Number of protein chains: 4
Amino acid sequence: MAELTRREREKAQHRRLILEAAEAVFAEKGYHAATMHEIAERAEFSVGSLYNFFENKTDLYRELINMRAEEFTAGVAESLEREPDVPGKLRAAIRAKLEFFRTHQEFFLLFARLHSGEEFEGPVALPEKTRRLYVEGIRRLAAVMAEGIRRGVIVDRDPTTLVLCMDGVTNSAIAHWMHGGDSAEGVVAPEVIEEVLFHGILSGGK
Amino acid sequence: MAELTRREREKAQHRRLILEAAEAVFAEKGYHAATMHEIAERAEFSVGSLYNFFENKTDLYRELINMRAEEFTAGVAESLEREPDVPGKLRAAIRAKLEFFRTHQEFFLLFARLHSGEEFEGPVALPEKTRRLYVEGIRRLAAVMAEGIRRGVIVDRDPTTLVLCMDGVTNSAIAHWMHGGDSAEGVVAPEVIEEVLFHGILSGGK
Amino acid sequence: MAELTRREREKAQHRRLILEAAEAVFAEKGYHAATMHEIAERAEFSVGSLYNFFENKTDLYRELINMRAEEFTAGVAESLEREPDVPGKLRAAIRAKLEFFRTHQEFFLLFARLHSGEEFEGPVALPEKTRRLYVEGIRRLAAVMAEGIRRGVIVDRDPTTLVLCMDGVTNSAIAHWMHGGDSAEGVVAPEVIEEVLFHGILSGGK
Amino acid sequence: MAELTRREREKAQHRRLILEAAEAVFAEKGYHAATMHEIAERAEFSVGSLYNFFENKTDLYRELINMRAEEFTAGVAESLEREPDVPGKLRAAIRAKLEFFRTHQEFFLLFARLHSGEEFEGPVALPEKTRRLYVEGIRRLAAVMAEGIRRGVIVDRDPTTLVLCMDGVTNSAIAHWMHGGDSAEGVVAPEVIEEVLFHGILSGGK
DNA sequence: TATGAATGAGGGTTCATTCAT
DNA sequence: TATGAATGAACCCTCATTCAT
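Small disclaimer: the values here were computed from a predicted structure and weren't measured.

What counts, and at which threshold
Every chain is numbered on its own, with residues counted from 1 as its sequence reads. Each chain takes a letter, starting from A, and each ligand takes a number, starting from 1, following the order in which they are written. For a predicted model such as this one, the threshold for reporting local features is a pLDDT of at least 70, and the threshold for listing and counting side-chain atom pairs is 80 or more; totals across whole chains, interfaces and linings nevertheless cover every residue. Only hydrogens and water are removed before side-chain values are computed, so all heavy atoms of the structure are retained for them. Note on definitions: angles span 0 to 180 degrees between N-to-C directions of axes, and those axes are lines fitted to C-alpha atoms, for helices only across the stretch in contact. Put simply, DSSP H or I for four residues or longer makes a helix, DSSP E for two residues or longer makes a strand, and each gets a number counted from the N terminus. Throughout this description, any angle smaller than 35 degrees is read as roughly parallel, any larger than 145 degrees as roughly antiparallel, any in the 65 to 115 degree range as roughly perpendicular, and the remainder as oblique. The crossing is said to be left-handed when, going from far helix to near helix, the turn is anticlockwise and less than a right angle, and right-handed when the turn is clockwise. Working rule for contacts: check all heavy atoms of both residues, and any pair within 4.5 Å makes them a contact. Polar here means any residue outside two lists: the nonpolar Ala, Val, Leu, Ile, Met, Phe, Trp, Tyr, Cys and Pro, and the charged Asp, Glu, Lys and Arg; Gly therefore counts as polar. The pairing test for Phe, Tyr and Trp rings, Trp by its six-membered ring, is centres within 6.5 Å, and the orientation test on the planes gives stacked under 30 degrees, edge-to-face over 60, and tilted for anything in between. Buried residues are those whose accessible area, probed at 1.4 Å on protein chains only, stays under 20% of the maximum for their type, while exposed residues exceed 50% and partly exposed ones sit between those limits. A ring is considered to have a charge above it if a Lys NZ or an Arg CZ atom is located within 6 Å of its centre and within 35 degrees of its normal. Within this document, salt bridges are pairs made up of a side-chain nitrogen of Lys or Arg and a carboxyl oxygen of Asp or Glu, the two lying within 4 Å of each other. A molecule or strand has a residue near it when one of that residue's heavy atoms lies within 4 Å. Any N or O atom pair separated by 3.5 Å or less is treated as a polar contact, with the protein-specific requirement of one donor-capable and one acceptor-capable atom, and with residues adjacent in sequence counted only for side-chain atom pairs. pLDDT is a per-residue confidence score from the predictor, ranging from 0 to 100. Boundaries between domains were set according to an automatic or database domain assignment. Defined here as a combined quantity, buried area equals the accessible surface (1.4 Å probe) lost by two parts on assembly, summed across both.

### Concerning the packing of helix α5 (residues 86-103) of chain D against helix α7 (residues 128-151) of chain D
Residue and element names in this part refer to chain D. For the pair α5 and α7, interaxial distance at closest approach is 9 Å and the crossing angle is 155°. In terms of orientation, α5 and α7 fall into the roughly antiparallel class. Relative to α7, the crossing made by α5 is left-handed. Side by side, α5 and α7 meet where V86, K89, L90 and A93 of the first sit next to L141, V144, M145, E147 and G148 of the second. Each residue belonging to the contact of α5 with α7 can be placed in one class, and the counts come to six nonpolar, one polar and two charged.

### Side note on the packing of aromatic side chains
Throughout the structure, instances matching the rule amount to 34 aromatic pairs over all chains. Considering the side-chain rings of F26 of chain C and Y31 of chain C, the 5.7 Å spacing of their centres and the 15° angle between planes classify their relative orientation as stacked. Relative accessible area serves as the criterion here: at 0%, F26 of chain C is assigned to the buried category. Joined through ring pairs, the aromatic side chains of F72, F100, F101, F107 and F108 of chain B make up one cluster. Stacked on the ring of Y31 of chain A, the Lys or Arg K57 of chain A has its end atom at 4.6 Å from the ring centre.

### Quick notes on the pattern of salt bridges
According to the stated counting rule, one finds 59 salt bridges over all chains in the structure shown. R157 of chain B serves as the salt-bridge partner of E195 of chain A, at 2.8 Å between the closest nitrogen and oxygen. Of this pair, E195 of chain A sits in helix α9 (residues 190-199) while R157 of chain B sits in the loop between α7 (128-151) and α8 (159-180), which puts the two residues in different chains. Measuring nitrogen to oxygen at the nearest pair gives 3.0 Å for the salt bridge that ties E71 of chain B to R68 of chain B. Note that E71 of chain B and R68 of chain B are positioned in helix α4 (residues 57-82) at a spacing of three residues, about one turn of the helix. Accessibility expressed as a relative area gives 8% for R68 of chain B, which makes it buried.

### A closer look at the protein's contact with DNA strand F
Neighbouring DNA strand F are 32 residues, the closest being S49 of chain A, Y51 of chain B, M36 of chain C together with H14 and S46 of chain D. Sugar and phosphate atoms represent 68% of those atoms of DNA strand F found within 4 Å of the protein. The contact in question runs from a phosphate oxygen of DNA strand F to an N or O atom on the backbone of A34 of chain B, over 3.2 Å. One of the backbone N or O atoms of K57 of chain C is found 2.9 Å from a phosphate oxygen in DNA strand F. The set of elements that each furnish at least two residues to the surface near DNA strand F consists of α3 (47-53) of chain A, α1 (2-29) of chain B, α3 (47-53) of chain C together with α1 (2-33) and α3 (47-53) of chain D. The dominant element in the surface near DNA strand F, judged by the number of residues it contributes, is α3 of chain A, at five residues. Partitioning the surface near DNA strand F into residue classes produces 12 nonpolar, 14 polar and six charged.

### Considerations on the side chain of T130 of chain A
Among the structural elements, T130 of chain A can be located in helix α7 (residues 128-151). Those residues in contact with T130 of chain A that lie beyond four places of it in its chain are I65, N66 and A69 of chain A.

### Some words on the protein's contact with DNA strand E
In the vicinity of DNA strand E lie 33 residues, with M36 and K57 of chain A, H14 and S46 of chain B together with Y51 of chain D positioned nearest. Each atom of DNA strand E within 4 Å of the protein was assigned to sugar, phosphate or base; sugar and phosphate come to 68%. Between DNA strand E and A34 of chain A, the relevant distance is 3.2 Å, taken from a phosphate oxygen to a main-chain nitrogen or oxygen of the residue. By residue number, the principal contributor to the surface near DNA strand E is α3 of chain C, which donates five residues. The residue makeup of the surface near DNA strand E, split by class, is 13 nonpolar, 14 polar and six charged.

### Digging into unusual backbone geometry
Even without a glycine there, the phi angle at E44 of chain A is positive, about 55°. Inspection of the secondary structure puts E44 of chain A in the loop between α2 (36-43) and α3.

### Looking at the environment of F100 of chain A
Residues and elements named next belong to chain A. For F100, the location among the structural elements is in helix α5 (residues 86-103). The exposure class of F100 is buried, given its relative accessible area of 11%. It is 21 Å that separates the C-alpha atoms of F100 and V86, two residues lying 14 residues apart in sequence. Excluding its chain neighbours within four sequence positions, the residues that come into contact with F100 are R68, E71, F72 and F107.

### Observations regarding the environment of A93 of chain B
Residue and element names in this part refer to chain B. For A93, the location among the structural elements is in helix α5 (residues 86-103). Overall, the relative accessible area of 4% leaves A93 in the buried class. With 37 residues separating them in the primary sequence, A93 and T130 have C-alpha atoms 19 Å apart. If sequence neighbours within four positions are ignored, A93 has contacts with V76, S79, L80, L141 and M166.

### Some words on the confidence of the model for chain A
Residue and element names in this part refer to chain A. Averaged over every residue, the pLDDT of chain A is 84; the share at 70 or more is 84%. Per-element averaging of pLDDT across chain A places helix α6 (residues 105-115) at the bottom with 71 and α2 at the top with 97. Confidence over residues 116-123 falls short of pLDDT 50; this stretch has 23 contacts with residues more than four positions distant or in other chains.

### Looking at the side chain of N66 of chain D
Residues and elements named next belong to chain D. Tracing the backbone through its elements, the reader meets N66 in helix α4 (residues 57-82). For N66, a relative accessible area of 6% translates into the label buried. The contacts of N66, once residues within four sequence positions are left out, are P127, K129, T130 and L133.

### Quick notes on the domain arrangement of chain A
All names here are of chain A. In terms of domain boundaries, chain A breaks down into domain 1 (1-54) and domain 2 (62-199). Of the residues lining the interface, 12 residues belong to domain 1; the matching set on domain 2 comes to 11 residues. Around 1000 Å² of area is buried between domain 1 and domain 2 when both sides are counted, 62% of it from carbon and sulfur atoms. Counting across the interface, domain 1 meets domain 2 through two salt bridges. The partner of E63 in a salt bridge is R15, and the shortest N-O contact between them spans 3.1 Å. There are two residue pairs in polar contact (both at pLDDT 80 or more) connecting domain 1 and domain 2. Looking at the side of domain 1 that touches domain 2 residue by residue, the classes come out as seven nonpolar, two polar and three charged.

Quick look at the structure:
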């Protein structure tokens, strides 16, 4: 039984190694241009081994997306709970997102593609699980917005729309420092993002 | 000479038909999953004909992107000039963008992919021309922001960052009504976008 | 009728222009790699025009080969008749061949390919006409050899074999100055060829 | 380890099978008209398998040429060493060549095409390795000629030219029994070739 | 007669997937 | 379980040939 456990640990470890290699390759090349051979090579396994862990290329891709999506969602959810008031929750959500993608830059490319529609449907459709995660994440934030509206600290607009705005601003910021890579001052400070999101870009006597 | 002109007109027309078919297929499938065969079929031409107009698949893709990018940039630039003051210019830019992508929904998918990094570099790199257009567009808006800052109507933050925020918000909105397609009330109203962007999501006495 | 004649002259002229362009392209690229488009371009005609003069690519190729083969055969035959004795005839034949290929270098490449078997059979088979020309040329020279043998000036060996030897030596010489192109002294002098062919490479008291 | 060796042996064997099939098809059709599909079929492998052994069609072709060129060169070199005196060396070289091409008839077609310039340059250029082999082969024979000249047994002419003559005569002979295929007496006897090369075609008191 | 856009079969090449070892 | 050679469908692209003008 100890033996079985060691085996299981090894198996899980191998699976993880493959997923990491896959993330790097998918992020660099995109789903279609990535090849199973290259993933296998980077993971230092044979092609055949990939098929011992994942049914096929699409399955590997989905598992990868789902894994990260779960991590991401969990991170945001946790940060929401840590903060008591609405503005604090939103600030925390923004920082959690920025933080997550700073450590998982490669994943942002995949993530953004999902948003932009590629492979959102079609042969490489996401599993229902991931889709639910995504929708649920939006909903959770919308609930926060709704609460803010009730409490009078958030403008009385459709909560989902407000979440979208927040999402859009953060996505743009991440995308900017991803390619732009103006290492110096190009990085959009979270504070500015929050300020703009909270108070708008018009100055003065609002 | 009339004959020559007729031939030329036809050729230009055929080119346009192919570009339209290509836009549909590329948008639906993404660059890699799109096949020349399918584009040809949708355009009601033979595969070989595509190659009478475009050097290869990549070239076709680039020409398409570039064409729409030019249309888009021109539209935004024009709308900027029509408005006298800074808030008016920004509002006009937002509406121009929303309007453009409402009539070119298919293109938004391609456009968003560029933003999200896919095929932004690599074998399907954009032509320098398109890249310049994009950068120039950002710069033009940043100039408007800078002017606003000078005049005290825009908060004193890095103008490019402000532009990114604006871009992000609009992208999200477009993306939302593209897939979400909650035809009814799901469409994010331009007014809300502008309001959020201008005054932020916090209500009351800021 | 004068008009018709002018037309005919023009037609013949156009045909010749196409054949010349074809010779250049076929020689440079070989039969398969040559394209009708390139031939048309070099001839300054449209592709369609080529098909007004020749049935298809193969036909164009054959007509070209045949034309030059006739010129060549005629040249050699004439030079044979001009000389009275056997050694003179052979010398004249060698010089005629060298001379012909000096002015039709491009054709040598095609000619050599025929010898080496490519497109000698298969889909691009030579027309019977050309094949006959070739065989007849060999036979004519063999007859000269035979006469020489009868007269005791040529060694008593199979005449065709002797012709082949002669052919081989000249071919090698031409091939050498074609690619080797050692413009300086690399050119094999006709005298040396004749000397070797007539007296062999062994020196002294044979 | 035994297992590994078995796999390696099999792989080498498969490679050889493919090369043999390729030789047959290339010889029959020429480089351009040969198709990977047909080679695969004749080798009883799938198309994809060819690409597990060779980068592409050109690579396969080159490897093939190079392999035989090495065999040929080695055979001639060895036969040169076996003989002590110059005429013996030359005779041995001639026989080695005839012998080689008798067992590798198919290769002669490829070999001759190289001589006749096709694909000697251009997209299907030979690898430097093969080219060096060829030049070196000529040089080795030229050295033998030079030695003969020094010793007074060979006529005092440019050694390279003498080698070319020798080459030309043998090529013609081989080409003759290849297509001509007069199975009976058409085969040019090596003795006649040697005799003509050594003593020339003129009879009598030289 | 000359033109050149349109055609589409066919070739080279890639790559996800399988399976014997 | 791990391997990697073998497979073959499917892709991009070429080019001889046709035909309306």
